[in-house]
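# Observations on the model geometry
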Amino acid sequence: FARYKDDFYLGKLGPEARAVSEASIEALRHFAGDAIRCRRAAILDFFCEPCSSSWRCRMCDNCHSVSAHEGDMERDYTVQAKMVLQV
């Protein structure tokens, strides 16, 4: 996403438009990098629509991943990682 902040894309914009574009790019980067939160809830939040923080659509990739792994996404693997790194 860093290349979209280059002058090639933003060079002809004024300071205010450039700031708005950079904020939009950063919001998109955050949205794409979030592997936990429901995508639909994130979009609703972006457009200031009411949505509970724990609500899930059960249709997006993140909701499918959470339901498929049933809590494994938050499991503590510290002991196993230490064992692997000691070898």
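Now for a description of the structure that goes with this document. Since this is a predicted model, take the numbers as computed values, not measurements.

## Some thoughts on the overall build of the chain
- Within the chain, the regular secondary structure consists of five helices and zero strands.
- For the chain, the N- to C-terminal ordering of α and β elements is α-α-α-α-α.
- When the backbone C-alpha atoms are referred to their principal axes, the chain occupies close to 55 × 40 × 15 Å.
- Taking all 87 residues of the chain together, the buried fraction comes to 11%.
- Long-range contacts, defined as pairs at least 24 residues apart, comprise 23% of the intrachain contacts of the chain with a sequence gap of at least 6.
- Across the chain, the 12 positively charged side chains and the 13 negatively charged ones have centroids separated by 2 Å.

The rules behind each value
- Think of each chain on its own: its residues are numbered from 1, step by step along the sequence as written.
- Confidence filtering applies because this is a predicted model: local features only for residues at pLDDT of at least 70, side-chain atom pairs given and counted only at 80 or more, and all residues used for totals across whole chains, interfaces and linings.
- Excluded from the side-chain calculations are hydrogens and water; all other atoms, namely the structure's heavy atoms, are used.
- Labels follow the DSSP assignment, with helices taken as runs of H or I lasting at least four residues and strands as runs of E lasting at least two, numbered in each case from the N terminus.
- Note on classification: 1.4 Å probe, protein chains only; a residue is buried when its accessible area is under 20% of the maximum for its type, exposed when over 50%, partly exposed between these limits.
- For this analysis, residues touch if any pair of their heavy atoms sits within 4.5 Å.
- Here Asp and Glu are counted as negative and Lys and Arg as positive; His is not counted, and neither are the chain ends.
- Note that the charge is assigned to NZ on lysines, CZ on arginines, CG on aspartates and CD on glutamates.

These figures capture arrangement, not role.
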